[in-house]
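Listed here are the chains, written in short residue letters.
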Amino acid sequence: MGLTGQRVFLTGLGLGPAIAVIVLPASALALPVSLALAGAASVYAILSSLRAHAGESGFARSGTPLLRASVLRDPALDLPDLATMRGHIAATLAMHTPRDGKPPLRTQSVAIALRRIMRAWACPEPDALNLEEVTELFLLDRLLHAPVEDAVELAEQFRRPDLVLAMRDEVDSQAARRAELDRQAALFRATAALWQGGSSGEPEDLLAALRALPFADIDLWHHLVTSHDPQDPAQRSAALWCLGQPECDQATVAAYLSHVAADGQLQAAARRGDQAFLDAVLGLIEAWNRGAYGTRELALDPADTVATDAPRLAAELDALADITGSARWPEPRGLFAEYTGRPPRCRAFWCLRTGRVQTRPEPVHFLPPEALPHAA
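The structure displayed is predicted, hence computed values, not measured ones.

K.L.:
Let's hear about the overall build of the protein chain: which residues, and what values?
P.N.:
Scanning the protein chain from terminus to terminus reveals 16 helices and two strands. Within the protein chain, the fraction of its 376 residues that count as buried is 44%. In the protein chain, the share of contacts with a sequence separation of at least 24, taken over all contacts with a separation of at least 6, comes to 71%. With an accessible surface of roughly 18600 Å², the protein chain has 55% of that area assigned to carbon and sulfur atoms.

K.L.:
Give me the lowdown on the nonpolar core, citing residues and values where you can.
P.N.:
The nonpolar side chains of soluble globular proteins are, as a tendency, buried together. Core analysis: the biggest nonpolar cluster contains 57 residues, and Y256, L266, W329 and W350 have the highest contact counts within it. The residues contacting W329, other than those within four sequence positions of it, are L266, L278, V281, L282, I285, L317 and L320. With 29 residues, the next largest nonpolar core counts L67, I89, C123 and L139 among its residues.

K.L.:
Tell me about the side chain of H365, residues and numbers included.
P.N.:
Among the structural elements, H365 can be located in the segment after β2 (356-357). Those residues in contact with H365, other than ones at most four positions away along the chain, are R345, C346, R347 and F349.

K.L.:
Explain the side chain of T354 residue by residue, including any values.
P.N.:
Tracing the sequence through the fold places T354 in the loop between β1 (350-351) and β2. In this structure T354 comes out as buried when scored by relative accessible area, which is 15%. For T354, the side chain forms a polar contact with the main-chain nitrogen of R356, separated by 3.3 Å.

K.L.:
Describe a negative patch on the surface, listing the residues and the values that go with them.
P.N.:
A contiguous patch of negative charge, built from E149, D150, E153 and E156, is present on the exposed surface. Within the element layout of this structure, E149 appears in helix α8 (residues 148-155).

K.L.:
Please provide a residue-by-residue account of unusual backbone geometry, values included.
P.N.:
Cis geometry is found at the peptide bond from D301 to P302, where omega equals -5°. Within the secondary structure, P302 sits in the loop between α15 (275-289) and α16 (310-324). Of note, the phi angle at A122 is positive, near 60°, even though the residue is not glycine. Relative to the elements of secondary structure, A122 occurs in the loop between α6 (106-120) and α7 (131-145).

K.L.:
If you had to explain the packing of helix α12 (residues 233-243) against α15 to someone new, which residues and values would you point to?
P.N.:
At their nearest, the axes of α12 and α15 sit 10 Å apart, and the two run at 25° to each other. Judged by the angle between their axes, α12 and α15 are roughly parallel. Crossing handedness for the pair α12 and α15: left-handed. Contact with α12, carried on its side by R236, L240 and L243, involves F277, A280 and L284 of α15 and no other residues of that element. A class-by-class count of the residues in the contact of α12 with α15 yields five nonpolar, no polar and one charged.

K.L.:
An account of the packing of helix α13 (residues 250-263) against α16 is needed here, citing residue identities and associated values.
P.N.:
Axis separation between α13 and α16 bottoms out at 9 Å; the angle between their running directions is 55°. With respect to each other, α13 and α16 are oriented oblique. For α13 against α16, the interelement crossing comes out left-handed. Touching L257, S258, V260, A261 and A262 of α13 are R312, L313 and E316, all from α16. The residue makeup of the contact of α13 with α16, split by class, is five nonpolar, one polar and two charged.

K.L.:
Lay out the packing of aromatic side chains in plain terms, naming residues and giving numbers.
P.N.:
For the coordinates displayed, the defined rule picks out four aromatic pairs. Judged by centre distance (6.0 Å) and plane angle (35°), the rings of F349 and F366 are tilted. Taken together, the residues span a long stretch of sequence, with F349 in the loop between α16 and β1 and F366 in the segment after β2 at a distance of 17 residues. Given a relative accessible area of 0%, F366 falls into the buried group. One aromatic cluster in this structure is built from F188, F349 and F366. Its end group placed over the ring of F366, R347 keeps NZ or CZ at 4.0 Å from the ring centre.

Thresholds, definitions, all that
- Residues numbered from 1 in each chain as written.
- Predicted model: local features only at pLDDT ≥ 70, side-chain atom pairs only at ≥ 80, totals over all residues.
- Heavy atoms only, no water.
- Helix = DSSP H or I, 4+ residues; strand = E, 2+ residues; numbered from the N terminus.
- Buried < 20%, exposed > 50% of the residue type's maximum accessible area, 1.4 Å probe, protein only.
- Contact = heavy atoms within 4.5 Å.
- Areas by Shrake-Rupley, 256 points an atom, 1.4 Å probe, with all protein chains shown as cover.
- Core = buried A, V, L, I, M, F, W, Y, C linked by side-chain atoms within 4.5 Å.
- Polar contact = N/O pair within 3.5 Å; in protein donor to acceptor, adjacent residues only side chain to side chain.
- Patch = residues over 30% accessible without salt bridge, like charges linked within 9 Å, V, L, I, M, F, W, Y side chains within 5 Å.
- Salt bridge = Lys/Arg side-chain N within 4 Å of Asp/Glu carboxyl O.
- Lys, Arg positive; Asp, Glu negative; His and termini not counted.
- Charge placed at Lys NZ, Arg CZ, Asp CG, Glu CD.
- Axes fitted to C-alpha atoms, helices over the stretch in contact; angles between N-to-C directions.
- Parallel < 35°, antiparallel > 145°, perpendicular 65-115°, else oblique.
- Left-handed = near helix turned anticlockwise from the far one by under 90°.
- Nonpolar A, V, L, I, M, F, W, Y, C, P; charged D, E, K, R; others polar.
- Phe/Tyr/Trp six-rings, centres within 6.5 Å; stacked < 30°, edge-to-face > 60°.
- Lys NZ or Arg CZ within 6 Å of the ring centre and 35° of its normal.

By themselves these figures say nothing about function.
Here it is in structure tokens:
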């Protein structure tokens, strides 16, 4: 098979499973045999493809070249000395792979990737790497940690920019999953502590309880916004605070504005002179229109719950302008649509009237099934 034919064949093996095999811990690769074999073949495809691009005649070193030859010859390459780079690689490799089923941290994913490349090079320890290999792994480590814009620029130094950027995307994905898992675990601990603190006595300050949580709890915010009593000043203030947070999910904002229009709350507020409430709702619409809400994770049930509500809000805004004699508010662009995603997690153990956690929260309310204590 000629070189061109080899490249076509190797490309056809597929890149997705290969990238996963390189950066995922072994505990996360409990896949069917066929997929596992495809992943192994694809790892071979990546390394062999790099070898083919390098040219067989120049392949005298232990490892398959990752960088373009011109990069290694560039005298302007701004890198630390060999001992410093080798020490950095050794420190990265010292990061332990998670064995509890959790997604790896970014540093752990990078360590997994470097270990597997070294294994393919038959270099068991950093001391066995030559200068070129140390340079390549050091720059790959830098790319896998770099911001997106810098990573794209760094990728041009590699023989296969698409492969190293795909590897970085997988590292990003694993790091994001781990960060979300850690956030939910912290929220569970904080919520459980509130429950253990007692559920009797005078009502707590609901807004203060929300602010005391260690991370944004978009599921709690959705529950509060969609279930609160707008006639209760404390609940209304807490709901508006949730809606004012940039992490608030778009589905939550859409559900709220649809409900406000359906209940005629804007007209009622104008008639009683509640300017603070009107200003708060106008602020939500303006924030929506300038793209302040970047989270679109939650689903509405059904997904098209608010999809046809634009005319109702438009009529409410027309009536509001007539009552106040002020300029008509803008409409929220693109808000009335379908909202698909994951169902909101249960937060019914919060009592919105008292501001307390009234029943025991459970790990299942926060953590994905694979992260629960009984999961194997």
